[in-house]
Amino acid sequence: MRKSKKDRQASLKQTIDDNPFITDDELAKKFAVSVQTIRLDRLELSIPELRERIKHVAKRQFDDVKALHKEEVIGDILDLQLDSSAISILEIEPEFVFSRTGIARGHHLFAQANSLAVAVINDDLALTSKADIQFIRPVKSGERVVAKARVTRKERVRTIVAVDSYSGHDHVFKGVFTMYRAHGGKNG
């Protein structure tokens with residue numbers, strides 16, 4: 001039995017609040033309605049489209065990036081807890097992929113993960129001294145890659161950052177980055 005419009009819209013709002021990165025296609029499947037119905041429901045509820053929701057989440061400030069300019073981070077930072085964890089999202093654009101295969105060039109996934117590993121460091125200077133990476137599955141144009149970084153060990157001038165990247169529920173990239181920090185974690 002289908003939910004009433006009022007019940008569906010209440011569930012829709014809650015679902016988007018819980019996961020602002022869910023697509024209209026995913027919502028349509030979840031609620032067994034058309035994509036157009038989802039768009040109309042969002043419009044009535046004043047819920048923006050996915051890109052606008054992502055921009056809104058990315059604008060929320062957590063901690064400020066110290067080791068590089070925010071514009072230098074590949075992808076949009078969604079969460080940042082210095083010397084602890086960080087999350088970014090990268091939309092795979094058509095210009096990021098090989099024209100013959102439609103598969104994203106690996107350096108884009110690496111750059112997202114590496115710049116997030118730099119951003120999570122609570123120091124004015126952070127450099128990658130070593131990276132152990134693995135590409136797990138190809139990523140194609142139109143996919144959204146969410147990278148999650150966590151500091152696993154902090155030493156005087158070195159910090160180990162593990163980064164796992166996902167497209168939907170698929171694990172697509174993982175890396176362990178050994179980061180050099182100029183001041184041993186002191187602020188300046």
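Quick summary incoming for the structure in this document. Along each chain, the written sequence defines residue order, and numbers are assigned to residues from 1. Note on the predicted model: pLDDT of at least 70 is required for a residue's local features to be given, and 80 or more for side-chain atom pairs to be given and counted; whole-chain, interface and lining totals, by contrast, use all residues. Side-chain metrics rest on all non-hydrogen atoms present in the structure, leaving aside hydrogens and water.

Focus on the overall build of the protein
Secondary structure elements are defined from DSSP: runs of H or I of at least 4 residues count as helices, runs of E of at least 2 residues count as strands, and each element is numbered from the N terminus. Looking only at helices and strands, the protein features five helices and six strands. Each helix and strand of the protein, placed in order from N terminus to C terminus, yields the pattern α-α-α-α-β-β-α-β-β-β-β. Dimensions of the protein, computed from the C-alpha atoms along their principal axes, are close to 60 × 40 × 25 Å. A 1.4 Å probe rolled over the protein chains alone gives each residue an accessible area, and that area as a share of the maximum for its type sets the label: buried under 20%, exposed over 50%, partly exposed in between. The burial tally for the protein puts 44% of its 188 residues in the buried class.

Overview of the sheet that holds strand β1 (residues 76–81)
Strands are labelled as partners when DSSP assigns at least two bridges between them. What the six strands build is an open sheet, ordered β1-β2-β4-β5-β6-β3; its pairing is antiparallel. Where the open sheet ends on each side, the last strands, each with one partner, are β1 and β3 (126–135). Along the sheet, successive strands turn relative to each other by an average axial angle of 20 degrees, direction set aside. Pairing of β3 with strand β6 (residues 170–181) involves nine bridges; the strand directions are antiparallel. Residue pairing for β6: K130 is matched across the bridge by T178. Every axis in this analysis is a line fitted to C-alpha atoms, fitted for helices over the stretch in contact. Angles between the N-to-C directions lie between 0 and 180 degrees.

Here we look at the pattern of salt bridges
Any Lys or Arg side-chain nitrogen located within 4 Å of an Asp or Glu carboxyl oxygen qualifies as a salt bridge. A full pass over the atoms with the stated rule returns twelve salt bridges. K154 serves as the salt-bridge partner of D83, at 3.0 Å between the closest nitrogen and oxygen. One end of the pair, D83, is in the loop between β1 and β2 (85–91); the other, K154, is in strand β4 (residues 144–154), with 71 residues separating them in the sequence. The class for D83 is buried, based on a relative accessible area of 17%. Residues E143 and R137 are paired through a salt bridge, measuring 2.8 Å at the closest nitrogen-oxygen approach. The exposure class assigned to E143 is buried, which follows from its relative accessible area of 18%. Members of the salt-bridge network, linked through shared partners, are D83, D123, K154 and R181.

Some remarks on the environment of A126
Inspection of the secondary structure puts A126 in strand β3. As a C-alpha pair, A126 and Y180 span 54 residues in sequence and 5.5 Å in three-dimensional space.

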